[in-house]
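Here is what each chain is made of, one letter per residue.
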Amino acid sequence: MQKTINCTMFRKMIIAGAKVLEDNKKFVDSLNVFPVPDGDTGTNMSLTFNSAVREINNCLDSSFFALSDALSKGALRGARGNSGVILSQILKGISNVVSKCEGDLTTKLFAKALVEGAQVAYKAVTVPKEGTILTVIRVMSECANKAAKKVSDFEEFFEIILHDGEAILQQTPEMLPVLKKAGVVDAGGRGLLVIFTGMQKMLLGEDIDINVEEITAQNASNAQNMASSSDSNDYLINLENLGDIEFAYCTEFMVTHMKKKTTVSDIDKLRENLLTIGDSVVCIGDLELVKVHVHTNEPNKALGFALQLGELINLKIENMLEQNRELKRKRTAQMQDLKQFGMVAVAPGDGIASVFTDIMVDAIIEGGQTMNPSADDIAKACDKVPAKEVFVLPNNKNIIFAAEQAKELTKKLIHVIPTKSVPEGVSAALAFNPDASTEENIEAMTSSKDSVKSASVTYAVRTTHVDGFDLNQGDIIGLDDSAILAKGLLVNDTTIDLIEKVKTEDIVNITLFYGKDIKQEEAEILQSELSEKYPDCDITLLSGGQPVYYYIISLE
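A brief structural summary.

## Things to note about the environment of Gly 544
Structurally, Gly 544 can be placed in the loop between strand 15 (538–543) and strand 16 (551–555). On the basis of relative accessible area, Gly 544 is assigned to the buried category, the value being 0%. Counting along the chain gives 76 residues from Gly 544 to Gly 468, while the straight-line C-alpha distance between them is 30 Å.

Right, here's the structure in full:
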């Protein structure tokens, strides 16, 4: 029976959850509703969680407060796609509660953390939709809250919340018809349960090298039955955050040639003494050599504590306040040279990136289908733009959420224009006016992106029935912003069929961005056929270079 979880075990459980998700991300990806190659829910969640684990691995302070801070910040910085951003918010809520734990975690405190995780995640989504990962974390948190009142053993506690999590996951197709049509449960919800399965395995001391797909069938059956019956610089503070610094001196040294009376317990005592005068404490070694690192306002006391054990070598004391002041001076100088507005756009191919560059977009982030940039990627791109305000063009509906979260990671003023496709992004960028006000640009860019119709041509990654089409793996499919409208065996024929269904009488310009898997000669043949079919339209052909999608189409 395990009634509490200490900080060390909590760290191991987080790392185990990330490992199991990483090993099973393709299975989670396969649950994506639309049978297109950018079904990357599992990949996005794994990249997000792995970012959190990197922060945890760099956290040398063995306290729930420090560990929770690393978990929350790491997840936010690495958040990718809608599923990754929601996961980061769940972890943020959990961290809010766990960080205040002064002893060990109990089931009651863990349940409270899950409740907070669900609440923070729901608040982060403008229009929460049931039948998604949000529903799964909410039901798991409600179940945990009830169970914790009766159950103090974590092994039994995890069995209960995983069971109820699986039960509600199996009901998600009844909440979202699109899931029922595709014959799948919600991918984000499955990813969340994969994480908690990894945490449970670590808690039980079981092997975490598991194939989740093999065990979920039995879990799903049981759940449905129950439902029917009832480097050292890594740990230095980030000086890019130019706020106040609590401890001024980064102090490092080694203790050697120990005194005869020095014992191993004296090394532990040194660590405890250092914690009373600073933070970021590292004190590791043995009676041969001890390495020390501490941020403190009293380096003399740190040295005095250590001299009680032995001799000091390799001393280094750096004034972080001066470093901070120098960075502030540089930042102030840079601000004086900044223009008012800049633009950042996400582009899935070299050709599309060139188009954005030609229309005066300042920075390009490589990404799009199957490679969603993280919130941190977007924030860093904005930081590099020499402008006080930056307009961000996500150009993919699965990147908009991460772009919004990037606002928390930079001091730049970011305005996200919620472009869902490359055509919308190009149209919005063309509407940008450097001499207009912020409000005028937001209105003009938003209006312009809404005036464009977007469509795309790709292939089905599995056999299924969606939007009235019986699809086989490998079929060529044409989509608009919300549904599959055409299918075929040949790319050009499917593209022509798609355009015919999307085009209206007022459309006079059709632009085709052809992908890296389409030869220029093939694209020119399509351009010629469309020009003959629509003589009153200007048919423009551009090399997009995007992966996955044969054509991205703009209609105006």
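## Looking at the sheet that holds strand 6 (residues 363–366)
Read across the sheet, four strands follow the order 6-5-7-8 without closing on themselves; strand pairing throughout is parallel. What marks the edges here is a single partner per strand, and that holds for strand 6 and strand 8 (413–416). Across this sheet, the average inter-strand angle for adjacent strands is 25°, counted without regard to direction. Judged from the four bridges that link them, strand 5 (residues 339–347) and strand 6 form a sheet pairing that is parallel. Residue Ala 347 lies in a different strand from strand 6, and its bridge partner there is Glu 366. Here helix 19 (residues 438–450) sits on the sheet in contact with strand 5, strand 7 (387–393) and strand 8, set at roughly 10° to strand 7.

## Remarks on the nonpolar core
Ranked by internal contacts, the top residues of the largest apolar core, which has 100 residues, are Phe 49, Phe 110, Phe 157, Phe 158 and Phe 196. When residues of this core are assigned to their parent elements, the largest contribution, 10 residues, is made by helix 7 (residues 133–148). Setting aside chain neighbours within four positions, we find Phe 157 in contact with Thr 107, Phe 110, Ala 111, Ala 144, Ala 147, Ala 148 and Val 151. Counting 25 residues, the second largest nonpolar core, distinct from the first, contains Ile 496, Leu 498, Ile 507 and Leu 541.

## Some points on the packing of aromatic side chains
Under the counting rule described, the total for this entry stands at 11 aromatic pairs. Relative to Phe 391, the ring of Phe 341 has its centre 5.5 Å away and its plane inclined at 45°; by these criteria the two rings are tilted. With Phe 341 in strand 5 and Phe 391 in strand 7, this pair connects stretches of sequence that are 50 residues apart. Residue class for Phe 391 comes out buried when judged on its relative accessible area of 0%. Ring plane angle 50° and centroid distance 6.2 Å describe the contact between Tyr 459 and Tyr 550, whose orientation is recorded as tilted. On the criterion of sequence distance, the pair formed by Tyr 459 in strand 9 (residues 453–459) and Tyr 550 in the loop between strand 15 and strand 16 is long-range, its members being 91 residues apart.

## Concerning the sheet that holds strand 14 (residues 509–514)
Spatial strand order, 13-12-9-16-14-15: six strands in an open sheet with mixed pairing. Both outer strands of the open sheet, strand 13 (484–488) and strand 15, are each paired with one neighbouring strand and no more. Sheet twist, expressed as the average angle between the axes of neighbouring strands with direction ignored, equals 20°. The strands that helix 18 (residues 422–430) touches are strand 9, strand 14 and strand 16; relative to strand 16, the one it contacts most, it runs at about 45°. Here helix 21 (residues 520–533) sits on the sheet and contacts strand 14, strand 15 and strand 16; the angle it forms with strand 15, its principal contact strand, is near 170°.

Conventions we followed
- Residues numbered from 1 in each chain as written.
- Predicted model: local features only at pLDDT ≥ 70, side-chain atom pairs only at ≥ 80, totals over all residues.
- Heavy atoms only, no water.
- Helix = DSSP H or I, 4+ residues; strand = E, 2+ residues; numbered from the N terminus.
- Buried < 20%, exposed > 50% of the residue type's maximum accessible area, 1.4 Å probe, protein only.
- Pairing = 2+ DSSP bridges.
- Axes fitted to C-alpha atoms, helices over the stretch in contact; angles between N-to-C directions.
- Contact = heavy atoms within 4.5 Å.
- Core = buried A, V, L, I, M, F, W, Y, C linked by side-chain atoms within 4.5 Å.
- Phe/Tyr/Trp six-rings, centres within 6.5 Å; stacked < 30°, edge-to-face > 60°.

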